[in-house]
Amino acid sequence: MADVSTGVLHTLFHSDQGGHEQVVLCQDRKSGLKAVIAIHSTALGPALGGTRFYPYANEAEAVADALNLARGMSYKNAMAGLDHGGGKAVIIGDPERDKTEELLLAYGRFVASLGGRYVTACDVGTYVADMDVVARECRWTTGRSPENGGAGDSSVLTAYGVYQGMRASAQHLWGDPSLRGRTVGIAGVGKVGHHLVEHLLVEGARVVVTDVRREAVGRISDRHPQVQVATDTEALIRVEGLDIYAPCALGGALSDESVPALTARVVCGAANNQLAHPGVEKDLADRGILYAPDYVVNAGGVIQVADELHGFDFDRCKAKAAKIFDTTLAIFARAKDDGIPPAAAADRIAEQRMHEASTAGGR
């Protein structure tokens, strides 16, 4: 028998990172679909999370990613105040080569077979147009186009939530939520980052940006020539006088290498999984750097897609996303009271909400 003591089955049933309610392996030979749907928790309601389409090296890596992402969605949805648990799906393959209408329809049928326990949306490698196709087979689909009853691009409210997290960080650290005169460095000015730039400039902040894609930086420079450009992330985090660092691209931005070089007093950005490993949050605290937990401040997007299930209303969603300011402040207060880093405080609050729902006879 193969040794699975350190594999995904061990993660699922025995590790602190497990505890998932259900993992579904999906295959449709005709379309070539291979997918994993992971439901971490339905204590607060149906699991909600996006569909990632990615060329994983092997199936075990795909399952492990689905488990990790689904667990993260439980915490994100709990902290966002949503009546949803956490789930995530991954489709194994290269979206540029393997994505077809037939495959997406097959995937939609698998999601539909769960009877509403899992609600899907966009993620890396999937887009609004893809969700429109999935929705033809599955009514538990969000992130659709406005023409098909959806809310469209969720990056607008994701950026707005991060902006509210920055304001809360400023309030906690400097006693004033205003970002006027503050210097903010943004790594990644794509879908979310370029909206964040707009919020900051309107308030009178000084903005420095970088992105691996020249066209993304060029779009910002053409529109706002006053925005400074750093050559790369390594240069950005070392900018003298930087007040806030906003990682808005890939995960793992806060590492053993980057944290010692940071000049910023606050880290608050849209990227998921910013901590390269759990010990990094203590390194940030030891350096006196305030960290606004990523899954708290970037929850504007999931707030938006969740609202689709009730008939999307932008103003209602924006009002919910504005509460990220209060939630972030509450996390900082809990961290101070408990003598722990903010990321640990956010986990405790989320776990408490899920536990209370379970013990109260939740789902």
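Higher on the page you've got the structure.
Overview of the structure.

## Regarding the sheet that holds strand E12 (residues 290-291)
So, point 1. One open sheet accounts for six strands, arranged E9-E8-E7-E10-E11-E12; its pairing is parallel. Edge positions in the sheet fall to strand E9 (228-229) and E12, since each of these pairs with one other strand and no more.
So, point 2. Bridge count for strand E10 (residues 244-247) against strand E11 (residues 266-267) is two bridges, and the pairing is parallel. Across the sheet, residue Ile244 finds its bridge partner in E11, namely Val266.

## A word on the pattern of salt bridges
So, point 1. Enumeration over the complete set of coordinates arrives at 20 salt bridges.
So, point 2. Ionic pairing is found between Asp130 and Lys99, a salt bridge with its closest N-O pair at 2.7 Å. Taken together, the positions of Asp130 in helix H5 (residues 128-134) and Lys99 in the loop between helix H3 (95-98) and helix H4 (101-113) put the pair 31 residues apart, joining distant regions of the chain.
So, point 3. With its nearest N and O atoms 2.8 Å apart, the salt bridge here joins Glu198 to Arg223. Of this pair, Glu198 sits in helix H7 (residues 193-203) while Arg223 sits in helix H8 (residues 214-223), placing them 25 residues apart in sequence.
So, point 4. Since its relative accessible area comes to 23%, Glu198 is described here as partly exposed.
So, point 5. Salt bridges linked by common partners bring Arg52, Asp65, Lys88 and Asp123 together as one network.

## Overview of the packing of aromatic side chains
So, point 1. In total, this model carries three aromatic pairs according to the counting rule given.
So, point 2. For the ring pair Tyr54 and Tyr56, a centre distance of 5.0 Å and an interplane angle of 65° mean the geometry is edge-to-face.
So, point 3. The ring of Trp174 carries the charged tip of Arg182 above its face, separated from the ring centre by 3.8 Å.
So, point 4. The ring of Tyr160 is capped by Lys318, whose NZ or CZ atom sits 5.0 Å from the centre of that ring.

## Some remarks on helix H14 (residues 324-338)
So, point 1. An ideal rise of 1.5 Å per residue puts 21 Å on 15 residues; H14 measures up with 21 Å between its terminal C-alpha atoms.
So, point 2. Gly339, located one to two residues past H14, shows a positive phi value of around 65°.

## Notes on unusual backbone geometry
So, point 1. Positive phi outside glycine occurs at Asn273, with the angle close to 50°.
So, point 2. Along the polypeptide, Asn273 turns up in the loop between E11 and helix H10 (280-286).
So, point 3. The exposure class assigned to Asn273 is partly exposed, which follows from its relative accessible area of 45%.

## Focus on helix H6 (residues 155-174)
So, point 1. Over its 20 residues, H6 runs 28 Å from end to end, which matches the ideal 28 Å to within 8%, given 1.5 Å per residue.
So, point 2. Counting buried residues in H6 gives 14 out of 20 residues, a clear majority hidden from the surface.
So, point 3. Positive phi appears at Gly175, one or two residues downstream of H6, with a value of about 80°.

## Regarding the packing of H6 against H7
So, point 1. Running from N to C, H6 and H7 point in directions that differ by 45°, and their axes come no closer than 8 Å. Here H6 lies oblique to H7, going by the angle between them. Here the hand of the crossing between H6 and H7 comes out right-handed. Counted together, Ser155, Val156, Ala159, Tyr160, Val162, Tyr163, Met166 and Arg167 of H6 and His195, Leu196, His199, Leu200 and Glu203 of H7 form the full contact between these two elements.
So, point 2. Classifying every residue of the contact of H6 with H7 gives eight nonpolar, three polar and two charged.

Cut-offs applied
Residues numbered from 1 in each chain as written. Predicted model: local features only at pLDDT ≥ 70, side-chain atom pairs only at ≥ 80, totals over all residues. Heavy atoms only, no water. Pairing = 2+ DSSP bridges. Helix = DSSP H or I, 4+ residues; strand = E, 2+ residues; numbered from the N terminus. Salt bridge = Lys/Arg side-chain N within 4 Å of Asp/Glu carboxyl O. Buried < 20%, exposed > 50% of the residue type's maximum accessible area, 1.4 Å probe, protein only. Phe/Tyr/Trp six-rings, centres within 6.5 Å; stacked < 30°, edge-to-face > 60°. Lys NZ or Arg CZ within 6 Å of the ring centre and 35° of its normal. Expected span 1.5 Å × (residues − 1). Axes fitted to C-alpha atoms, helices over the stretch in contact; angles between N-to-C directions. Parallel < 35°, antiparallel > 145°, perpendicular 65-115°, else oblique. Left-handed = near helix turned anticlockwise from the far one by under 90°. Contact = heavy atoms within 4.5 Å. Nonpolar A, V, L, I, M, F, W, Y, C, P; charged D, E, K, R; others polar.

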